[in-house]
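Coordinate analysis (summary)
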Amino acid sequence: MTDITSQTEAALAAIAAAASLDALEAERLETLGKKGWVSLALKTLGSMTPEERTAAAPAIQSARASIAEALDAKKAALEAAALEEQLARETVDLTLPAVAAPKGSVHPVSQVMDELAEIFADLGFAVATGPEIEDDWHNFTALNMDETHPARAMHDTFYFPDKTTEGKDVLLRTHTSPVQVRTMLVAAQTSPGGAPVRIIAPGRVYRSDSDATHTPMFHQIEGLVIDRDIHLGHLKWTLETFLKAFFERDDIVLRLRPSYFPFTEPSVEVDVGYANENGRRVVGGSGDAQGHAWMELLGSGMVNARVLEMGGFDPGQWQGFAFGVGVDRLAMLKYGMNDLRAFFDGDPRWLAHYGFSPFDQPTLSAGVGARA
Ligand code: DAH
């Protein structure tokens with residue numbers, strides 16, 4: 001009896017002193033474990049006479065109960081202490097300055113393409129795309145440049161060594177104009193004889209050319225409108241409206257000069273008035289006024305009847321205008337960059353300086369509608 005009492009007291013003391021969950025578990029095994037002394041003592045009850053059992057059982061059972069209770073309580077206390085300790089150890093100091101995460105930026109060309117898509121969406125233009133690997137029919141022939149046309153030689157075309165299965169030359173498109181052809185063919189297919197078309201086609205184009213203002217890959221945006229009774233006035237208004245919205249100023253002055261492109265008739269080259277401000281060309285103001293000059297900006301014209309025909313449109317019923325602009329050049333003019341090659345060097349310092357945050361306010365202060 002005294003034996004069990006002192007053993008129990010010793011066990012309770014050990015439990016109270018256990019400094020860790022491991023130490024507590026060791027104590028549990030020694031007492032209530034299969035081979036613990038309490039379990040073994042309980043087993044001896046079975047071989048006792050009823051009288052002996054009645055005498056011995058209460059002490060053993062109360063030892064078991066008090067030890068089990070002490071084990072549970074100590075376990076809960078140790079676990080709570082461990083949690084407290086972990087919480088204290090893992091505290092985050094919110095007052096510490098955060099480590100700046102490296103941030104990407106939107107390339108000026110992407111930014112300008114987005115701006116253009118936004119402006120032309122306001123004017124009801126959809127965005128059309130075409131393949132960068134083209135065949136010579138879409139890139140040249142359907143745009144009224146047959147095999148012998150001298151304009152083909154001016155494009156410094158990158159050709160692939162193999163031809164298409166129909167024997168056409170395969171090339172990297174030299175301009176976005178083939179998207180005109182592809183768009184017309186699809187429109188004419190859905191609606192034989194033609195249907196109104198109003199698209200812009202931004203994308204990469206390729207020419208074997210490289211200096212401060214030319215890179216072998218650059219970006220253009222093509223515009224095409226086909227409808228009944230379309231004339232040069234529509235073209236001029238559209239270009240003026242687009243350039244005012246893009247440069248975010250109302251004093252954009254255009255000059256249309258007669259020119260030649262095989263795919264337009266008549267063809268016009270469009271100049272925009274600009275001023276030199278601190279060695280930088282700033283678009284705006286009349287080219288006729290003092291201190292201003294004209295700069296060539298883009299090519300355009302009324303879609304050549306032969307191009308309409310090759311696109312599946314009846315030129316007796318449909319007219320259209322088209323234009324093509326260099327996107328990189330628009331970006332350089334608007335955001336004041338002077339070396340085109342830097343656009344494609346991928347230098348993070350250049351991108352950090354000229355790139356745009358995707359989270360900033362849109363740079364266009366107003367859409368086309370706000371200026372109309
Ligand atoms: N495709 C021409 C070029 O890359 C630019 C151009 C001129 C496009 C007149 C047009 C246009 O749509 O009408 O040089």
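Read on for a plain summary of the structure. (Residues numbered from 1 in each chain as written. Predicted model: local features only at pLDDT ≥ 70, side-chain atom pairs only at ≥ 80, totals over all residues. Heavy atoms only, no water.)

1. Thoughts on the overall build of the chain
From N to C terminus, the chain includes 13 helices and eleven strands. Taking 372 residues into account, the globule formula puts the C-alpha radius of gyration at 21 Å, and the chain, at 41 Å, lies well above it. Per-residue burial for the chain yields a buried fraction of 42% across its 372 residues. Entry remark: accessible area of the chain is about 20100 Å², with carbon and sulfur atoms responsible for 55%. Treating the 32 positive side-chain charges of the chain as one cloud and the 51 negative ones as another, the clouds have centres 1 Å apart. (Helix = DSSP H or I, 4+ residues; strand = E, 2+ residues; numbered from the N terminus. Rg over C-alpha atoms; globule rule 2.2 N^0.38 Å. Buried < 20%, exposed > 50% of the residue type's maximum accessible area, 1.4 Å probe, protein only. Areas by Shrake-Rupley, 256 points an atom, 1.4 Å probe, with all protein chains shown as cover. Lys, Arg positive; Asp, Glu negative; His and termini not counted. Charge placed at Lys NZ, Arg CZ, Asp CG, Glu CD.)

2. Observations regarding the site of the ligand
Taken together, 15 residues lie around the ligand, and His175, Ser177, Arg207, Gln220 and Glu222 are the ones closest in. Glu222 places a polar side-chain atom, nitrogen or oxygen, 2.6 Å from an oxygen atom of the ligand. Backbone polar atom of Phe323 to an oxygen atom of the ligand: 3.4 Å apart, as the coordinates give it. Taken together, the elements giving at least two residues each to the shell around the ligand come down to β6 (217-227), β10 (292-303) and β11 (319-326). (Near = heavy atom within 4 Å. Polar contact = N/O pair within 3.5 Å; in protein donor to acceptor, adjacent residues only side chain to side chain.)

3. Side note on the side chain of Glu222
Within the secondary structure layout, Glu222 lies in strand β6. Summary of buried charges: Glu222 has no salt-bridge partner, and the nearest side chain of opposite charge, Arg207, is 8.4 Å away. A polar contact of 2.8 Å, which involves the side chain of Glu222, links it to the side chain of Thr176. Engagement of the side chain of Glu222 in a polar contact is seen with the side chain of Ser177, the distance being 2.8 Å. Beyond its immediate chain neighbours, meaning those up to four positions away, Glu222 contacts Thr176, Ser177, Gln180, Ile199, Ile200, Ala201, Phe323 and Gly324. (Salt bridge = Lys/Arg side-chain N within 4 Å of Asp/Glu carboxyl O. Contact = heavy atoms within 4.5 Å.)

4. Describing the side chain of Thr264
Residue placement: Thr264 occurs in strand β8 (residues 264-277). Accessibility expressed as a relative area gives 3% for Thr264, which makes it buried. Side chain to side chain, Thr264 and Ser267 meet in a polar contact 2.6 Å long. Those residues in contact with Thr264 that sit more than four places away from it in its chain are Ser300, Gly301, Met302, Val303 and Asn304.

5. A look at the environment of Tyr354
Looking at the element boundaries, Tyr354 is found in helix α12 (residues 348-354). Given the relative accessible area of 25%, Tyr354 is considered partly exposed. With 233 residues separating them along the chain, Tyr354 and Ala121 place their C-alpha atoms 25 Å apart. Ignoring sequence-local partners within four residues, the contact set of Tyr354 consists of Pro108, Tyr335, Gly336 and Met337.

6. Re the packing of helix α5 (residues 108-122) against helix α11 (residues 327-335)
Interaxial distance between α5 and α11 falls to 9 Å at its minimum, and their mutual angle equals 95°. If you check the angle between α5 and α11, you find them roughly perpendicular. Two secondary-structure elements touch here, α5 through Pro108, Val109, Gln111, Val112, Met113, Glu115 and Leu116 and α11 through Val327, Asp328, Leu330, Ala331, Lys334 and Tyr335. Here the contact of α5 with α11 is built from residues that sort into nine nonpolar, one polar and three charged. (Axes fitted to C-alpha atoms, helices over the stretch in contact; angles between N-to-C directions. Parallel < 35°, antiparallel > 145°, perpendicular 65-115°, else oblique. Nonpolar A, V, L, I, M, F, W, Y, C, P; charged D, E, K, R; others polar.)

7. Some points on the pairing of strand β5 (residues 197-206)
Summarising burial for β5: eight of the ten residues are buried, a large majority. One ladder, built from two bridges, connects strand β1 (residues 126-127) with β5; its direction is parallel. Among the inter-strand pairings, Ala126 is bridged to a residue of β5, identified as Ile199. (Pairing = 2+ DSSP bridges.)

8. Here we look at the pattern of salt bridges
If you walk through the whole model with that rule in mind, you get 18 salt bridges. Arg257 is the salt-bridge partner of Asp271, the closest N and O atoms lying 2.7 Å from each other. Here Asp271, found in strand β8, pairs with Arg257, found in strand β7 (residues 254-261); they are 14 residues apart in sequence, far enough to count as distant. Arg349 is paired through a salt bridge with Asp347; the nearest N and O atoms lie 2.7 Å apart. Of the residues examined, Arg349 reaches a relative accessible area of 65% and is grouped as exposed.

9. Some words on the environment of Met145
Its place among the elements puts Met145 in the loop between α6 (136-139) and α7 (150-154). The class for Met145 is buried, based on a relative accessible area of 0%. Sequence separation between Met145 and Phe263 is 118 residues; the distance between their C-alpha atoms is 7.8 Å. Beyond its immediate chain neighbours, meaning those up to four positions away, Met145 contacts Asn139, Phe140, Ala151, Arg152, His175, Pro262 and Phe263.

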